[in-house]
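One letter stands for each residue in the lines below.
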Amino acid sequence: METVQAQHIIEALRMGIPPENHIHYFTVGRDSEIDQLKLRLVGGNCGALLLQANYGSGKTHLLRLIREIALERGFAVSCVTLDARSSVRFNRMDQVVGAICRNIELAGDRECKGVRPLFDLVCQCIEREKGSGSDGAFWSRLTNHWRWDYSDELDAPAVFVALRAWATGRPEVQNEVEGWLFHPWDYYAQRKLIYQRLVGNLRSHFLDPRNEWQFYADDVFRFDKQGHAQSWATLRDLHTLSCAAGLQGLVILFDEFEDVITNLNRIDFEEAAFWNLFQFYSGKQFPGMTFFAVTPEFVNKCKTRLITKGRWDYDYSRFEAIPTFRMSALDYADLTLLADRIVGAHGRAYEWEPKRAISSAKLKTLVREAASVPVEDRARHTIKAVVKYLDKALDESE
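Keep in mind that this is a model prediction, so the values were computed, not measured.

A closer look at the overall build of the chain
Phase 1: Along the chain, the regular secondary structure elements total 18 helices and six strands.
Phase 2: A principal-axis box enclosing the C-alpha atoms of the chain has dimensions of 75 × 55 × 35 Å.
Phase 3: Of all 398 residues assigned to the chain, the portion counted as buried reaches 53%.
Phase 4: Counting only contacts in the chain whose residues sit at least 6 apart along the sequence, the fraction spanning at least 24 positions is 71%.
Phase 5: Here the chain displays about 18,000 Å² of accessible surface, and carbon together with sulfur accounts for 47% of that area.
Phase 6: Here the chain carries 50 positive and 54 negative side-chain charges, and the mean point of each set is 2 Å from the other.

Some points on the pairing of strand β4 (residues 250-255)
Phase 1: Taking burial as the measure, the six residues of β4 include six buried ones, the bulk of the element.
Phase 2: Burial along β4 is two-sided: L250, I252 and F254 facing one way and V251, L253 and D255 facing the other are all buried.
Phase 3: By the bridge criterion, four bridges tie β4 to strand β5 (residues 289-294) in an arrangement that is parallel. Bridge pairing in β5 places V251 opposite M289.

Some thoughts on the environment of I252
Phase 1: Mapped onto the secondary structure, I252 falls in strand β4.
Phase 2: Along the backbone, I252 and L121 are 131 residues apart, and their C-alpha atoms lie at a distance of 19 Å.
Phase 3: Setting aside anything within four residues of it in sequence, one finds I252 in contact with S78, I100, L235, F280, F286, M289, T290 and F291.

Focus: the nonpolar core
Nonpolar side chains in soluble globular proteins tend to be buried together.
Phase 1: The biggest cluster of nonpolar side chains holds 88 residues, and the ones touching the most others in it are F90, W180, F254 and F280.
Phase 2: Those residues within four positions of F90 in sequence are excluded, and the remaining contacts are L82, V96, F254, F257, V260, A273, N276, L277, F280 and F292.
Phase 3: Core analysis: the second largest hydrophobic core is formed by 27 residues, L330, V343, A371 and V386 among them.

So, how was this worked out
- Residues numbered from 1 in each chain as written.
- Predicted model: local features only at pLDDT ≥ 70, side-chain atom pairs only at ≥ 80, totals over all residues.
- Heavy atoms only, no water.
- Helix = DSSP H or I, 4+ residues; strand = E, 2+ residues; numbered from the N terminus.
- Buried < 20%, exposed > 50% of the residue type's maximum accessible area, 1.4 Å probe, protein only.
- Contact = heavy atoms within 4.5 Å.
- Areas by Shrake-Rupley, 256 points an atom, 1.4 Å probe, with all protein chains shown as cover.
- Lys, Arg positive; Asp, Glu negative; His and termini not counted.
- Charge placed at Lys NZ, Arg CZ, Asp CG, Glu CD.
- Pairing = 2+ DSSP bridges.
- Core = buried A, V, L, I, M, F, W, Y, C linked by side-chain atoms within 4.5 Å.

If you want it as structure tokens, here you go:
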């Protein structure tokens, strides 16, 4: 790794955060378990998987590892951290879709997140097929032979309107598309504005027989109507576009999923959130793969919450039906190996020889002492302790 990269890595580890784009290197132990996750990605299984791990066993680290693997294998990936207090509530699929759109990543363009890299790739495919004179292939069908008046290939009218506007190549229009898809609820009272900017002012670029009132009557600019039907359709279309553009599909990763029982303070909100989880599990509303980071107690917490609120007729078997993957905790040998890799990265970052200041025996003792502290996040505590010790040793050597 380069010196600057190593410095960024140590900065992340100093705060106990998994280093972006270097998760593989700092993943130790549990090889057979990780191989199972890789096989799931290779197999292209649709539906949801609950990733169970105790505090300190690296749920977030595991999600980021899956992200790296999925990007390497050619998937589009979106990582979403749920937070009901920041308008990412799992009972509101329009908010979930907005967060997913904001966080889409492609392997070749990791510096740019959002729908931009995906829509740019799609438009390149459209232009390439159009230039080749193909007719009847996917992109020709999607655009109705380049007329852009309607599409039978997409489920969400909003995605078709957004992609059609994006294909004009006008920067101000593309910025408007991003604002709309990233925060669709902000536009619910501005239907005329979004119509003018994405349809009315662009009619010289395409044919569309619909009058303005039909867009409003059909709720083209709403993602929260009819059980958030267009939100689910948008997710299906993002997956469809990813596959058609040569990717393996869209993988969605949900972190802090227990937000649904800690921050949704109404039982009807929680029931809606559970229903959305079951919809992801069935794979009918979204045919791609989804991963949810939870603790082993998550399912029991959900049941307890429903029972205490008198939901006796609830089908609790739905929770058991969702596939789960339990990650074991890192043992002392794993943490020691991880500490050794941190030592190497620290030396690279600050161009010194840390192994002269900390012997192998001292490192093992340090790890053993840090790992024995009775804290929930044992692995993170150990990582921060190792970095802190190395920082101090570097200061003393200077």
